[in-house]
Amino acid sequence: MDIRTICVLGGNGKTGEPEKVERFELNMGDIISIVGPTGCGKTTLINDIELFANRNTPSNRLVMINGETIPEDFSFDPRKHPIALISQHTNFLSDLPVGEFLKIHAKVRGGDNPEQMIGETLEFANQLTGEAIITSTGMTELSGGQTRSLLIADAVIIGNSPIILLDEIENAGIHRTKALELLKQFRKIFVFVTHDPHIALLSDYRIIMKNGSMEKLICTNPEERKVAADLGKIDNLMLNFRTYIRSGQEISEDMMAEQLETLKIVN
Amino acid sequence: MKLIIFAGPPTCGKTTVIRQVIRRMLKKGHKPAYLKIDVLYADEDKIIGEEFGIPAKKLYSGELCPDHCNVVVMDEAVEWAEKSGSDYLFVETAGLCLRCSPYIENSLGVVVLEATSGMNLPYKIGPMLTLADIAVITKIDLISQAEREVFRYRVIEAAKEITVVESNALYGIGIDPIVRHIERSGEIEQPMFLRGNPPVGTCTICVGKKEIGAKNHFGVLRTMEHDLFYIGE
């Protein structure tokens, strides 16, 4: 399926009142974040997208692809499923070794060269994790961070879906700025559910959720983009200190001063 | 009368799926009846009877193997549902036996499988899956999409002709396609026949011999070394 746009028409919130955001549309290459306090319905919104909600989920939303609704009993050839959802799961339940699981998934997704896909997937995932994932490890033995890194890499490389939904990519201690950087190399529609201001401001749009309802749609303005760049510096500062701590160094005020200067956080 | 038989390992979500299906069937003006067959304890008949005000009944198989119980009572069960003015009979089986299968010819066989139950489950449960018409995969929200795709693949690999429906029954997601299959299913024909072949032989354990070891038994036997053989008249 050749995806050009995805459009979500509002339904109702938890108490049944109509959503204030009546519709939003994403074009290929767009990035949108869904923000709001926990329990406000962010995950439900991406689940609706993933299920091609047709006024048949509790939210009553309607999702259209290229301006058309997807009939309810339309079942995609799993090889061509246009949406990959990376859920909040930080553990796998599959009693299979990583290599075998990826091999079956590559087969399900109809890749020409499963071995190469598996290699690329692990290479992608291992850029985000602390310790590398090995193919002979059981899926259930992976740590939370390794699980999420593998989920992201699998969705992008093996899934190769044009629309990627990511639920709280910042969780479980993966290298999220690196993840964003790697993801942006692929021309897709990205939908992030996030609590991270940096990710939210790097997006083209953000939807503010409240009480199960899409409350507001904001288009990131030029000033916000500048702030995003500053937040990126602060992110890097935190990451550098994380590296110091992880590698067993003792922290000094000089380190902080040096970081603040090299990252140009203070002039 | 249309007969819909649900099977699946314990706690896989059969009752939750059935409740969602019945809710939608009633909205569409159908008249479902519900029969639960279980071994020792069940209260689903009460819950479903009270929730929907439909004819609901339970049956304890007790000393009988539950799938054996299905076979010997199903004609009466269909009669009961007909007399109570229903046009659909939903039978929820105990779902324990991995060798038998409760499906009847011209009924709709629905196997309910938990997405969380491990990648080898489709190969482990035999006729309960391979003789079913529809496999409903429940609790899909508990696993990742990649795992869902691999699990679905394994279900289809074990049962090539089956229709797979993925569902999060608690939230009523994925129920409508099941309802459509139920509506499209055929009428039951008398006399009714079991769809699959039950396991071979009469079992000496069934008739009360408790000693361990093949030497203490007769009929169709096996040992660690030898596959099936027969001792007896």
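Residues numbered from 1 in each chain as written. Chains lettered and ligands numbered in written order. Predicted model: local features only at pLDDT ≥ 70, side-chain atom pairs only at ≥ 80, totals over all residues.

A. Structural context of the overall build of chain A. Looking only at helices and strands, chain A features eight helices and 10 strands. Against the globule reference of 18 Å for 267 residues, chain A gives a C-alpha radius of gyration of 20 Å, in line with a compact fold. If you line up chain A on its principal axes, its C-alpha atoms span 60 × 45 × 30 Å. Split into buried and exposed, the 267 residues of chain A put 40% on the buried side. Contacts spanning at least 24 positions in sequence make up 70% of the contacts within chain A whose residues lie at least 6 apart. (Helix = DSSP H or I, 4+ residues; strand = E, 2+ residues; numbered from the N terminus. Rg over C-alpha atoms; globule rule 2.2 N^0.38 Å. Buried ≥ 20, exposed ≤ 12 C-beta atoms within 10 Å, placed from the backbone. Contact = placed C-beta atoms within 7 Å.)

B. Highlighting the overall build of chain B. The secondary structure content of chain B amounts to seven helices and nine strands. Relative to the 2.2 N^0.38 estimate, which gives 17 Å for 233 residues, the radius of gyration of chain B is 19 Å and therefore close to what a compact globule would have. Expressed as lengths along the three principal axes of its C-alpha atoms, the size of chain B is roughly 60 × 45 × 30 Å. Residue burial in chain B is summarised as follows: out of 233 residues, 41% are buried.

C. Quick peek at the domain arrangement of chain B. As assigned here, chain B comprises domain 1 (2-184) and domain 2 (200-233). One C-alpha centre belongs to domain 1 of chain B, the other to domain 2 of chain B; they are set 33 Å apart. (Domains from an automatic or database assignment.)

D. Local environment of the sheet that holds strand β7 (residues 163-166) of chain B. All names here are of chain B. Pairing in this open sheet of seven strands is parallel, and the strands run β3-β2-β4-β1-β5-β6-β7 from one edge to the other. The sheet is open, and its two edges are formed by β3 (56-60) and β7, each paired on a single side. Strand after strand, the sheet turns through a mean of 20 degrees between neighbouring axes, direction not considered. Lying over the sheet, helix α2 (residues 44-52) contacts β2 (32-38), β3 and β4 (88-92), oriented at roughly 175 degrees with respect to β3. (Pairing = 2+ DSSP bridges. Axes fitted to C-alpha atoms, helices over the stretch in contact; angles between N-to-C directions.)

E. How the structure looks around the packing of helix α1 (residues 14-27) of chain B against helix α7 (residues 176-184) of chain B. All names here are of chain B. Between α1 and α7, the least distance of the axes is 10 Å, while the angle of their chain directions is 65 degrees. For the pair α1 and α7, the crossing hand works out as right-handed. Of the residues in α7, those in contact with V21, R24 and M25 of α1 are D176, I178, V179 and I182. Taken together, the residues that form the contact of α1 with α7 break down as five nonpolar, no polar and two charged. (Left-handed = near helix turned anticlockwise from the far one by under 90°. Nonpolar A, V, L, I, M, F, W, Y, C, P; charged D, E, K, R; others polar.)

F. Looking closely at the interface of chain A and chain B. At the junction of the two partners, chain A supplies 22 residues and chain B supplies 18 residues. Sorting the residues of the side of chain A that touches chain B by element identifies β6 (83-86), α2 (98-108) and α4 (144-159) of chain A as the ones contributing at least two each. Here the element with the most residues in the side of chain A that touches chain B is α2(A); it accounts for four residues. Residue composition of the side of chain A that touches chain B, grouped by class: 12 nonpolar, six polar and four charged.

G. A look at the sheet that holds β6(A). Residues and elements named next belong to chain A. If you walk across this open sheet you meet the six strands as β6-β7-β8-β3-β9-β10, and the pairing is mixed. Where the open sheet ends on each side, the last strands, each with one partner, are β6 and β10 (213-219). Between one strand axis and the next, the sheet turns by 15 degrees as a mean value, whatever way the strands run. Bridge count between strand β7 (residues 163-167) and strand β8 (residues 189-193): five bridges; the pairing is parallel. Residue pairing across strands places D167 opposite V193, the latter belonging to β8. The sheet strands contacting α4 are β6 and β7, and the helix crosses β6 at an angle near 170 degrees.

H. Looking closely at the nonpolar core. Membership of the largest hydrophobic core comes to 123 residues, with the highest contact counts inside it found for L165(A), V110(B) and A132(B). Counting residues per element, this core draws most heavily on α4(A), at eight residues. When near neighbours in sequence (up to four residues on either side) are disregarded, V110(B) contacts I4(B), I5(B), F6(B), A132(B), D133(B), I134(B) and V136(B). (Core = buried A, V, L, I, M, F, W, Y, C linked by C-beta atoms within 7 Å.)

I. Summary view of the environment of N56(A). Structurally, N56(A) can be placed in the loop between α1 (42-50) and β4 (62-65). With 13 residues separating them in the primary sequence, N56(A) and T43(A) have C-alpha atoms 17 Å apart.

J. Expanded view of the domain arrangement of chain A. Residues and elements named next belong to chain A. Domain boundaries assigned for chain A yield domain 1 (5-221) and domain 2 (222-267). Domain 1 and domain 2 are separated by 29 Å when their C-alpha centres are compared. Contacts between domain 1 and domain 2 engage seven residues on the former and 10 residues on the latter. At four residues, the largest contribution of residues to the side of domain 1 that touches domain 2 is made by helix α6 (residues 197-202). Partitioning the side of domain 1 that touches domain 2 into residue classes produces three nonpolar, four polar and no charged.

K. Fine view of the confidence of the model for chain B. Mean pLDDT over chain B stands at 89; residues scoring 70 or higher make up 99%. Among the prediction metrics, the complex's ipTM stands at 0.77, with pTM recorded as 0.82. (pLDDT = per-residue confidence, 0-100.)

L. Spotlight on helix α3 (residues 114-126) of chain A. Residues and elements named next belong to chain A. An ideal rise of 1.5 Å per residue puts 18 Å on 13 residues; α3 measures up with 18 Å between its terminal C-alpha atoms. Residues M117, I118, T121, L122 and A125 constitute the buried set of α3. The arc that holds every buried residue of α3, seen down its axis, measures 130 degrees, which confines them to one face. Facing away from the buried side of α3 by more than 90 degrees, the exposed set consists of E115, Q116 and E123. As for α3, its buried residues are in contact with α2 and α4. (Expected span 1.5 Å × (residues − 1). Arc of directions from axis to C-beta.)

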